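# Descriptive structure summary
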Amino acid sequence: MSILSITFHTTERKIADWDIYLESELHQMVENLLDVDRYILSDVHSEMLNEGKNTNLFLWFDNDELRSQFMESELVNLEERIAKKFGNEVMVFPTFLNPKQKRF
């Protein structure tokens, strides 16, 4: 199992537009990913966040190779689409999660 966490940070003035994009386009793109069997798309609530909004996409892959392939193609496409639509108003932060212990 291989996990990728992608955090999208949206500036305060683009939250309404991001929420619409999240519900329509981003969700549909995630649903159509071939190598992703399981995912969680969620709003992030934190007392540490005072401005803007964070959204997280948690993706499970069968192995590290599929995760790497996603990073090289799908994530690049996703980042380009978001940059084209939102510019610097939405920042994308991918994080590799390499489990040491797990229980599902």
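For the structure given in this document, a descriptive report is provided here. (Residues numbered from 1 in each chain as written. Predicted model: local features only at pLDDT ≥ 70, side-chain atom pairs only at ≥ 80, totals over all residues. Heavy atoms only, no water.)

## Quick word on the pattern of salt bridges
Evaluated as defined, the whole model comprises 5 salt bridges. A salt bridge links Asp17 to Lys14; the nearest nitrogen and oxygen atoms lie 3.5 Å apart. Given the relative accessible area of 38%, Asp17 is considered partly exposed. On the basis of relative accessibility, which here comes to 24%, the residue Lys14 falls in the partly exposed class. With a shortest N-O distance of 3.3 Å, Asp43 and Lys53 are connected by a salt bridge. Here Asp43 is found in strand S2 (residues 38-44), whereas its partner Lys53 is found in strand S3 (residues 53-61), with 10 residues between them in sequence. Residues participating in the shared-partner salt-bridge network are Asp19, Asp43 and Lys53. (Salt bridge = Lys/Arg side-chain N within 4 Å of Asp/Glu carboxyl O. Buried < 20%, exposed > 50% of the residue type's maximum accessible area, 1.4 Å probe, protein only. Helix = DSSP H or I, 4+ residues; strand = E, 2+ residues; numbered from the N terminus.)

## Here we look at the packing of helix H2 (residues 64-72) against helix H3 (residues 74-86)
Running from amino to carboxyl end, H2 crosses H3 at an angle of 30°, the nearest separation of the two axes being 3 Å. As the angle between them shows, H2 and H3 are arranged roughly parallel. On the side of H2, the interface is formed by Gln69, Phe70, Met71 and Glu72, while H3 contributes Glu74, Leu75 and Val76. Residue composition of the contact of H2 with H3, by class: 4 nonpolar, 1 polar and 2 charged. (Axes fitted to C-alpha atoms, helices over the stretch in contact; angles between N-to-C directions. Parallel < 35°, antiparallel > 145°, perpendicular 65-115°, else oblique. Contact = heavy atoms within 4.5 Å. Nonpolar A, V, L, I, M, F, W, Y, C, P; charged D, E, K, R; others polar.)

## Considerations on the pairing of S3
One face of the sheet, then the other: side chains in a regular strand alternate in exactly this way. Along S3, 8 of the 9 residues are buried, which leaves the element largely enclosed by surrounding structure. The pairing of strand S1 (residues 2-10) with S3 spans 9 bridges and is classified as antiparallel. Bridged to Thr7 within S3 is Asn56. (Pairing = 2+ DSSP bridges.)

## Regarding the side chain of Ser2
On the secondary structure map, Ser2 appears in strand S1. Polar contacts involving the side chain of Ser2 include one to the side chain of Asp64, which spans 2.8 Å. Non-local contacts of Ser2, meaning those with residues more than four positions away in its chain, are made with Leu59, Trp60, Phe61, Asp62, Asn63, Asp64 and Arg67. (Polar contact = N/O pair within 3.5 Å; in protein donor to acceptor, adjacent residues only side chain to side chain.)

## Overview of the side chain of Thr55
Residue placement: Thr55 occurs in strand S3. You can call Thr55 buried: its relative accessible area is 0%. A distance of 2.9 Å separates a polar atom in the side chain of Thr55 from a polar atom in the side chain of Trp18. For Thr55, the contacting residues outside a window of four places in its chain are Ile6, Thr7, Phe8, Trp18, Leu22, Leu41, Ser42, Asp43 and Val44.

## A closer look at the pairing of S1
With respect to burial, S1 is a largely interior element, 9 of its 9 residues being buried. Side chains Ser2, Leu4, Ile6, Phe8 and Thr10 project from S1 onto one buried face, and the interleaved Ile3, Ser5, Thr7 and His9 project onto a second face that is buried too. Bridging between S1 and strand S4 (residues 90-97) involves 8 bridges; their strand directions are antiparallel. Note that in S4 the partner of Ile6 across the bridge is Pro94.

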